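Read off the chains here:
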Amino acid sequence: MTPHELQLARISNDLFDVALFAYIAAMLGYFAHLAFHRDLVWVASRAVLILGLASHLGAIVARGLAAGRVPWGNMYEYSTLLAFLVVLAYVVIVEGIFRSRALGGFALMFAVLTMAVAAEFLYVGPGPLVPALNSYWIKIHVVAAILGSSLFALGGGVLTIAYLVKDARERRERAEPAARILPPIMGASLDVSEPPHYVPDTGEPSGTIDPSPRRSGILPPSSVLDQMAYRTIAFAFPIWTFAVIAGAIWAQQAWGRYWGWDPKETWSFITWTIYAGYLHARATAGWRGRRAAVIALVGFGSLLVTYYVVNPWIAGLHSYRGF
Amino acid sequence: MRTALILLFLLGAGSVVGSLVPQIPNSPDRVARFQVDHPILGDFYRHAGFFDVFGSWWFILIATLLFLSLVMCLLPRTRAALRSIRQPPIQAREIDAFPQYAERTVTAAPELAIDSSERVLRRRMFRVRRSEGALAAEKGSLREIGSLLFHWSFLLLLAGVIYGKGTGFTGRAAVVEGQTWTDGAANYDGTIREGRFFSGRFTGVGVHLVSFEDTYRTTGVPMDFVSHVQLLNPDGSSAGFADLRVNHPAEIDGLRIFQYGFGWAPVVQVSRGAQVIFSGPVAFGQDQPPPGVPQLALPWNGVVKAPFIGAGLGIQLTLWPDSGAYVQFRTTGQPVPMTRAIHPIMFFTSWRGPLVDPSPRFLDTSVLQRWTSGAVGEGRTCDLATGACWRAGSRRAGARELTISFPSIRQYSVLQVSRDAGVPIVLVAAILVLVGVLPALYSSRRKVWVRAEPNGKGTTLRVGGFALQRKPQFEDEFSKLVDELRRASEEIRVS
């Protein structure tokens, strides 16, 4: 490695740290916004979040320059790119399209955990690609796979968990509709007539089929969360399908067969079947809502296995050890 | 659909088993080791087909049922879709009962208002049916067509897979530098997997391995593996040269040839006196490394068999391509990857007795008697009986003396050779899957009705509509559509 490349690698690591700390700060800010509903807190958190994103992008670009190739050639790089795309997808989809601010902390928590695991357990210095990965298909297959994964992580993970939590709460409230004294939060007593939780005019989407007369809780209504999760997953599904197909084309070139039930192939197929099942389940009576959400969550679990279990633990061609 | 869904999940669950239990087609060594380590569980797995999930009867049964259920779903849906495409949209009786409804008063006469509304709807890609003073319009049948295309494509995919795998084969061939391999039934070292309908005809084309190069960075990370080969037609004439790399296969006569692996092939010569009993390169293999040890730090193992010496003579050989690495491993216990041959050294153990195992790679020592052992370096010759060694050619062996020589070391390249005529079909099917999934997920079916009824001053334009999917977006689209319909009718008066 030339001194120039070493310096770039160091810059990349520093920017990574800046991004990680910015995400942590923004995550705390988003949670504070959930608790206290101060617009200023949200504005500040969002600014820190954008700063983190910019720094993260810088880290990824510097990493690519240091290695002299695309910056997604090993587990560490996949993980950091995944975290970046999850945060970006959150900003674009949840805040941009759905106009919801309540879920930033949860999306950032996923990104922070992913980055922490990457930095702690998966870090390797920038280096050239092993021959098995050295193909232009790495640009197509891997980008599609990470993009699909990040959208699944957001839709099938973060948004679905939020939906299930909110749905459970709404069910509970429907079961006991009598006015109930809310437990005090952090020692403060609350005015039950006007719970300071969900405020419709903060730009949050309003629920359309929320039967409970009193909107409560800090999350958007479950029907809205359900829509957000569904549309994110429906966006991710064709991308994931494409990633699997592109991977098969690459495998045909590299290994002489387009499908060989290699562990990575198998698990990406499992993830695909689960989300295909999710999309069908939503169109089937009796499977909508909670059951479909559980399927999406299982898909998220399968995605995590595809990423974090298959590569290091199950020997296969995707272990990237060379021959 | 529920049956298909459950079958799909069962297929996924079966795949989980297939990814956790070692699979015979992917890693036969690990299956064998598993059966030794866990005899009872191994027996159960074997009977349940867990060692070859994706070829097991129950996996194929689930897949078959899934496709069957898919077809049963698709046939009526396809028939209905074809009918609804041919059928013009149907007029509705009470259009003010639809979720979206609006009335606008325009000055144009009813007939003209309907004219202009029809034009607007057609411009917006609606299919329109017109009757007296009323329009029925529909859009978004692409959703169903896309969904049907998506699902039918899986049947095409299946057909491509079955055709390609059924009539094709895949196998591996080890070719030593300087040698030529010919595509023929006997030349795949038992690694060939033929499809059920494989014709059994091999092409007879040849691959001559000119040289193999494996290069590494100073860190030991592999940089490149390349086989420089000459491709030969069945009659032996040259069909050109090619560099086989990972990700860069070559193709000849419908065969695709891929760089798959490599190894060391020391040239071994066993002689009795001046009579050469065995001579030639022997392809050596490696064991699975223990965790944390790089594969290339392990020594390489090979066998030489001489069945006609006495009751039989078998020699087990262990090669250290880099004797420095061997010394370092012996003194420090540190495994060192051996990426190049530097003063290679081979340890031998010879056995006497009947050679019952016909495999060229393994020696069944249970019925043999251990005879002698020693080490031979490159360019040296050793007496098998005494272990005494000398530089090759510096001494002449006695007439009955058994000797082993190690004149030189070469590399071999493992090529994966396959024929799969179904690949283009599979590719087309995969593309159709993608083409179908986009409208199936993102387009929505919308229906709109327009009536124009005369009132005192002009016309009341009544518009009703609903969407089967993406209802919130339709509200927006509907209000814009109503505005446009009104404006279109107003413009008639102006012109």
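Note that this is a predicted model, so its numbers are computed, not measured. (Residues numbered from 1 in each chain as written. Chains lettered and ligands numbered in written order. Predicted model: local features only at pLDDT ≥ 70, side-chain atom pairs only at ≥ 80, totals over all residues.)

*Asks:* Before we go on, may I ask you to explain the overall build of chain B in this structure?
*Replies:* In terms of helices and strands, chain B carries nine helices and 21 strands. The C-alpha atoms of chain B give 37 Å as radius of gyration, which overshoots the globular expectation for 495 residues (23 Å, by more than 25%). Its C-alpha atoms give chain B principal-axis dimensions of roughly 130 × 50 × 50 Å. Taking all 495 residues of chain B together, the buried fraction comes to 34%. In chain B, of all internal contacts separated by at least 6 residues, the share reaching a separation of at least 24 is 63%. (Helix = DSSP H or I, 4+ residues; strand = E, 2+ residues; numbered from the N terminus. Rg over C-alpha atoms; globule rule 2.2 N^0.38 Å. Buried ≥ 20, exposed ≤ 12 C-beta atoms within 10 Å, placed from the backbone. Contact = placed C-beta atoms within 7 Å.)

*Asks:* Can you help me understand the pairing of strand S8 (residues 222-232) of chain B in this one?
*Replies:* Strand residues, when the strand is regular, have side chains that alternate between the two faces of the sheet. Residue and element names in this part refer to chain B. Direction of pairing for strand S7 (residues 206-216) relative to S8: antiparallel, over a ladder of 10 bridges. For Thr215, the partnering residue across the bridge sits in S8 and is Asp224. In this antiparallel pair of consecutive strands, S7 and S8, the connection spans five residues, and Gly220 shows a positive phi of 90°. Relative to strand S9 (residues 238-245), S8 is paired through six bridges, and the arrangement is antiparallel. Bridge pairing links Gln230 to Phe241 in S9. Hairpin connection, S8 to S9: the antiparallel pair is bridged by five residues, and Gly236 has positive phi, about 95°. (Pairing = 2+ DSSP bridges.)

*Asks:* Explain the interface of chain B and chain A to me, please; I cannot follow it from the model alone.
*Replies:* Many analyses report the size of an interface as the accessible area lost when the parts associate. Each partner contributes to the interface: chain B provides 41 residues, whereas chain A provides 39 residues. Of all elements in the fold, only helix H1 (2-20), S8, strand S11 (255-272), strand S19 (402-419) and helix H8 (423-442) of chain B reach the threshold of two or more residues within the side of chain B that touches chain A. Residue composition of the side of chain B that touches chain A, grouped by class: 23 nonpolar, 13 polar and five charged. (Nonpolar A, V, L, I, M, F, W, Y, C, P; charged D, E, K, R; others polar.)

*Asks:* In this structure, what is going on with the domain arrangement of chain A? I would like to understand it.
*Replies:* Residue and element names in this part refer to chain A. Under the domain assignment, chain A is made up of domain 1 (1-128) and domain 2 (131-175 + 218-323). Distance between the C-alpha centres of domain 1 and domain 2: 21 Å. The partner domain 2 presents 22 residues to the 22 residues of domain 1 that form the contact. Those elements that provide at least two residues to the side of domain 1 that touches domain 2 are helix H3 (75-97) and helix H4 (104-121). Residues belonging to the side of domain 1 that touches domain 2 are distributed by class as follows: 19 nonpolar, three polar and no charged. (Domains from an automatic or database assignment.)

*Asks:* I keep staring at the environment of Ile425 of chain B and nothing clicks. Help me out?
*Replies:* All names here are of chain B. As for its position among the elements, Ile425 is in helix H8. Judged by C-beta crowding, with 19 C-beta atoms within 10 Å, Ile425 ranks as partly exposed. Separated by 267 residues in sequence, Ile425 and Leu158 have C-alpha atoms that sit 9.4 Å apart. Setting aside anything within four residues of it in sequence, one finds Ile425 in contact with Leu156, Ala159, Gly160 and Tyr163.

*Asks:* Would you mind going over the pairing of strand S17 (residues 380-383) of chain B with me for this structure?
*Replies:* Residues and elements named next belong to chain B. Strand direction decides the pairing type here: S17 and strand S18 (residues 389-391), joined by three bridges, are antiparallel. Bridge pairing in S18 places Thr381 opposite Trp390. From the end of S17 to the start of S18, which pair antiparallel, there are five residues, and Gly387 there has a positive phi angle of about 85°. One ladder, built from four bridges, connects S17 with S19; its direction is antiparallel. By the bridge assignment for S19, Arg380 is matched with Phe406.

*Asks:* Even after reading the chapter, I still don't get the confidence of the model for chain B, so can you show me in this structure?
*Replies:* Should the pLDDT be low somewhere, the predicted coordinates at that spot are not to be read in detail. Across chain B, pLDDT averages 89, with 99% of residues at or above 70. Interface scoring of the predicted complex returns ipTM 0.80; its pTM is 0.82. (pLDDT = per-residue confidence, 0-100.)

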